[in-house]
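Residues per chain, in single letters:
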Amino acid sequence: QVPLRQRNLAYSAQNIARTYALTPDDVAMCVMPLFHIHGLMASTMATFYSGGTEVVPPGFDAMTFWPAVAEHQATWYSAVPTIHQMLLLRNRGERPPGSDNLRFIRSSSSALSAETMHQLEARFGAPVIEAYGMTEASHQMASNPLPPGERRPGSVGRATGIEIGVMDDHGALLQSGTQGEVVIKGQSVIDAYANNPEANAKSFTDGWFRTGDQGVLDQGGYLSLVGRLKEMINRGGEKIAPREIDDVLLQHPAVAEAVAFGVPHSGWGEEVAAAVVLKGDASEKELIAFARERLADHKVPRKLFVVDKIPRTATGKIQRRAVAETFTAK
């Protein structure tokens, strides 16, 4: 259990509102469920803190989303990449009515590919701001800045209101440019898990909370996530970040969604595989050849599953191990 105290939540709401310069004139379109920290804090509590207006439809529907945005003159929305991709698939023509009201589009809770970011900005005409959050930090930890600040595709931005570092396996903080485990500390971060000394011993080092995410901080403080430590593909001792493979496959014009993962292999321990959802015509052979032109040989998927949809949690997040189990069990 993650015991979030009032002081954690209050600070997080203030932090998010400050990051996006929210005012009483802003109208947030809440499409994330309120049982999830993303919808609860980013869309709702931050809006309440700023004195703005919150619009909560009964559920997300890509067909009714833009009419609702236009009706209520929403100025921003925050969602997982799954929802952004559904909106892109539904709106392939002219800029939809209501999108001209948006100050920005926020993305969090799962990795946003650079390709999806560019498509969103081109299609809907608003800057896309990727952020980084987790329940143990009362949601937001880092975010790209609003314009005119530099928003970097593939990066979750800079620390917002808390400290972020990168640590090695022995608890030493690493210099910028060095890959390691992302660690955090600050007013929105939990003191400890409830009644779980073992988890606390593994998760806290010298006051830093270990997120379980692998990442790199550059000299400007921008954080790039490589992936979850538990989701890295171990092919014959080579650690492969599945997100890199996702990003390459998503560059193919026929691919709408892509998720790479490791599958058992008798010789290598694990081999690279991927599941893709198509929005055009492409064969498995063609997609593998496309990946081979852009990836080192050991990172190229040896097996591609072309599917109608990719399994997700109730909040639209993808858990790679669960996806791997779904397709390798068949």
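These numbers were taken from a predicted model, which means no experiment stands behind them.

### A closer look at the sheet that holds strand β15 (residues 255–265)
Inference 1: Read from one edge to the other, the open sheet built from three strands follows the order β15-β16-β17, with strand pairing classed as mixed. Looking at the sheet topology across the chains shown, the edges are occupied by β15 and β17 (303–306). Taken pair by pair, the neighbouring strands of this sheet meet at an average axis angle of 25°, ignoring direction.
Inference 2: Sitting on the sheet, helix α8 (residues 284–292) touches β15, β16 (269–278) and β17, and the angle it makes with β17 is about 130°.
Inference 3: On top of the sheet, helix α9 (residues 320–328) reaches β15, β16 and β17; it is set at about 75° to β15, its chief contact.

### A closer look at the side chain of Gln214
Inference 1: Within the secondary structure, Gln214 is located in strand β11 (residues 208–217).
Inference 2: You can call Gln214 buried: its relative accessible area is 13%.
Inference 3: Setting aside residues up to four positions removed in sequence, Gln214 forms contacts with Gln179, Gly180, Glu181, Val182, Ser224, Leu225, Val226, Gly227 and Leu229.

### Some points on the nonpolar core
Inference 1: Counting 25 residues, the largest nonpolar core has Met29, Phe65, Tyr77 and Leu87 as the members making the most contacts within it.
Inference 2: Taken together, the elements giving at least two residues each to this core come down to β1 (27–30), α3 (65–72), β3 (76–79), α4 (81–90) and α5 (114–124).
Inference 3: In terms of residue count, the dominant contributor to this core is α3 (four residues).
Inference 4: With residues near it in sequence (within four places) discarded, Met29 still touches Val55, Pro57, Phe65, Ala68, Val69, Ala74, Trp76, Tyr77 and Ser78.
Inference 5: In this structure, Leu250, Ile288, Ala291 and Leu295 belong to the second largest nonpolar core, which totals 21 residues.

### Quick word on the pattern of salt bridges
Inference 1: Inspection of the entire model under this criterion finds 13 salt bridges.
Inference 2: Residue Arg151 pairs with Glu121 through a salt bridge whose shortest N-O separation is 2.8 Å. In this pair, Arg151 sits in the loop between β6 (139–143) and β7 (158–159) while Glu121 sits in helix α5, placing the two residues 30 residues apart along the sequence.
Inference 3: Measuring nitrogen to oxygen at the nearest pair gives 2.7 Å for the salt bridge that ties Arg235 to Glu271. Pair noted here: Arg235 is in strand β13 (residues 233–235) and Glu271 is in strand β16, with a separation of 36 residues, a long-range link. Per residue, the accessibility class of Arg235 equals that of Glu271, and both read buried.
Inference 4: Residues participating in the shared-partner salt-bridge network are Arg5, Arg7 and Asp191.

Thresholds applied
Residues numbered from 1 in each chain as written. Predicted model: local features only at pLDDT ≥ 70, side-chain atom pairs only at ≥ 80, totals over all residues. Heavy atoms only, no water. Pairing = 2+ DSSP bridges. Helix = DSSP H or I, 4+ residues; strand = E, 2+ residues; numbered from the N terminus. Axes fitted to C-alpha atoms, helices over the stretch in contact; angles between N-to-C directions. Contact = heavy atoms within 4.5 Å. Buried < 20%, exposed > 50% of the residue type's maximum accessible area, 1.4 Å probe, protein only. Core = buried A, V, L, I, M, F, W, Y, C linked by side-chain atoms within 4.5 Å. Salt bridge = Lys/Arg side-chain N within 4 Å of Asp/Glu carboxyl O.

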